[in-house]
Amino acid sequence: MQIKEYILAIESSCDDTAAAVMDTDFNLLSTAVASQKIHAEYGGVVPELASRAHQSNIIPTVDKAIRDSGLRKEDLSAVAFTCGPGLLGSLLVGAAFAKSFAVAIGRPLICVNHLEAHVLAHFIKDKENADCPQFPFLCLLVSGGNTQIIFVKSAFDHDIIGRTIDDAAGEAIDKAAKILSLPYPGGPQIEKLAMAGDDGFLKFGNAVIGGYDYSFSGLKTSILYTLRDKLKEDAAFIDMNKASIAASVQKAVIDALMKKFELALKDTKVKTIAIAGGVSANKLLQQRVKELGERYGCKVFIPKLGYSTDNAAMVAAAAVFKYNEGAFSGLEVVPYTR
Ligand code: KG4
């Protein structure tokens, strides 16, 4: 009988403290997350407050993940953590904890890149899903800070063939949500409001960029100026039309995302496509990607809600690839911000 091996993974790159335990066949045993509510009152993540909250949350979160897995500390074979990119103070909390814990239990350390982990979230096996993509596949990674089209050749051979040249798609959505006075993070609020709105209500301009690259700063400015002009004519414009403004913003961002993703799919001719990152929780984006897959005869991978936003299960999945290759890190490894 094959002896099972298990990895503890820790994620602390931004404002969620998360831990997960996974076996080396990608089966997820447990996952725990402590979200930080404190940032909502500031309308965005405050780095210093995030680091402090990670300090308070990390021990109970790791403790919960280990207890829920049914294992003991001694049963773990390695300790993985997100090494970057992210907020330095937040990353340092996870890194310092992971290093100390690995030393304490006498196990190797694995450092994981947060963006690679988002892409590799599709390899998580749980009670509901054991299917995973075949390499190569094309992944649209859309988070609060990144918008990339990635040609994924193998677990860690990722060609970023398209990226935003300025703001990320999530940033444009969050900015629009702020103008609508919606609480942070704006994405889920925009999606909820948009359901009752008319997506043809407003049209926004955006810069045209060549190749597979994106630009969202023009769209952000267009949203801002359009609403500012409407408010001059009618001070109640935003309050009276929130749902339709949200639907128009959502459509503009998703149209822009899909245009380049389709172009990349046409050219690469892959047969598997995926989406990843916080914005991939959006139901309209999911539907559009499924339709794209149908049109091109592709298999489509959409992450489960808990695996699209920041989580430790995806860090564990990336760590399993590294563990199986024997790709460990020394204690001298230091977090990086980008
Ligand atoms: O990947 P993520 O959790 O954090 C990082 O940036 O690493 O992504 C956060 C982004 C935010 O911009 C948030 O507004 C957006 O994902 N988001 C959504 C939805 N859920 C989260 N955007 C649109 N629709 C959603 N349902």
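Below or above, wherever it landed, is the structure these notes cover.

Basis of the calculations
Residues numbered from 1 in each chain as written. Predicted model: local features only at pLDDT ≥ 70, side-chain atom pairs only at ≥ 80, totals over all residues. Heavy atoms only, no water. Pairing = 2+ DSSP bridges. Helix = DSSP H or I, 4+ residues; strand = E, 2+ residues; numbered from the N terminus. Axes fitted to C-alpha atoms, helices over the stretch in contact; angles between N-to-C directions. Salt bridge = Lys/Arg side-chain N within 4 Å of Asp/Glu carboxyl O. Buried < 20%, exposed > 50% of the residue type's maximum accessible area, 1.4 Å probe, protein only. Contact = heavy atoms within 4.5 Å.

Here we look at the sheet that holds strand β5 (residues 109–113)
Okay, step 1: With mixed pairing, five strands are arranged side by side in an open sheet as β3-β2-β1-β4-β5. The sheet is open, and its two edges are formed by β3 (28–35) and β5, each paired on a single side. In this sheet, neighbouring strand axes are inclined to one another by 20 degrees on average, regardless of whether the strands run parallel or antiparallel.
Okay, step 2: In terms of strand pairing, strand β1 (residues 6–11) meets strand β2 (residues 16–23) through six bridges, oriented antiparallel. From the neighbouring strand, Leu8 faces β2, where its bridge partner is Val21.

What to know about the pattern of salt bridges
Okay, step 1: Applying the stated rule across the entire model yields 17 salt bridges.
Okay, step 2: Salt-bridge contacts for Lys153 lead to Asp159; the nearest nitrogen and oxygen are separated by 3.3 Å.
Okay, step 3: Judged by relative accessible area, which is 36%, Lys153 ranks as partly exposed.
Okay, step 4: With its nearest N and O atoms 2.9 Å apart, the salt bridge here joins Asp255 to Arg288. Of this pair, Asp255 sits in helix α8 (residues 242–268) while Arg288 sits in helix α9 (residues 283–296), and the two are 33 residues apart along the sequence.
Okay, step 5: With a relative accessible area of 26%, Asp255 lands in the partly exposed category.
Okay, step 6: In the salt-bridge network here, residues are joined through shared partners; they are Lys4, Asp23 and Asp25.

Things to note about the sheet that holds strand β7 (residues 147–154)
Okay, step 1: Pairing is mixed across the open sheet formed by five strands, whose spatial order is β8-β7-β6-β9-β10. Strands with a single pairing partner mark the edges of an open sheet, and in this sheet they are β8 (157–163) and β10 (299–301). On average, adjacent strands in this sheet sit at an angle of 20 degrees to one another, irrespective of strand direction.
Okay, step 2: By the bridge criterion, four bridges tie strand β6 (residues 137–142) to strand β9 (residues 272–276) in an arrangement that is parallel. Paired with Cys139 across the strands is Ala274, a residue of β9.
Okay, step 3: Of the strands in this sheet, β6, β7, β8 and β9 touch α8, which is tilted by about 165 degrees from β6.
Okay, step 4: With respect to the sheet, α9 is in contact with β6, β9 and β10, its orientation differing from that of β9 by roughly 170 degrees.

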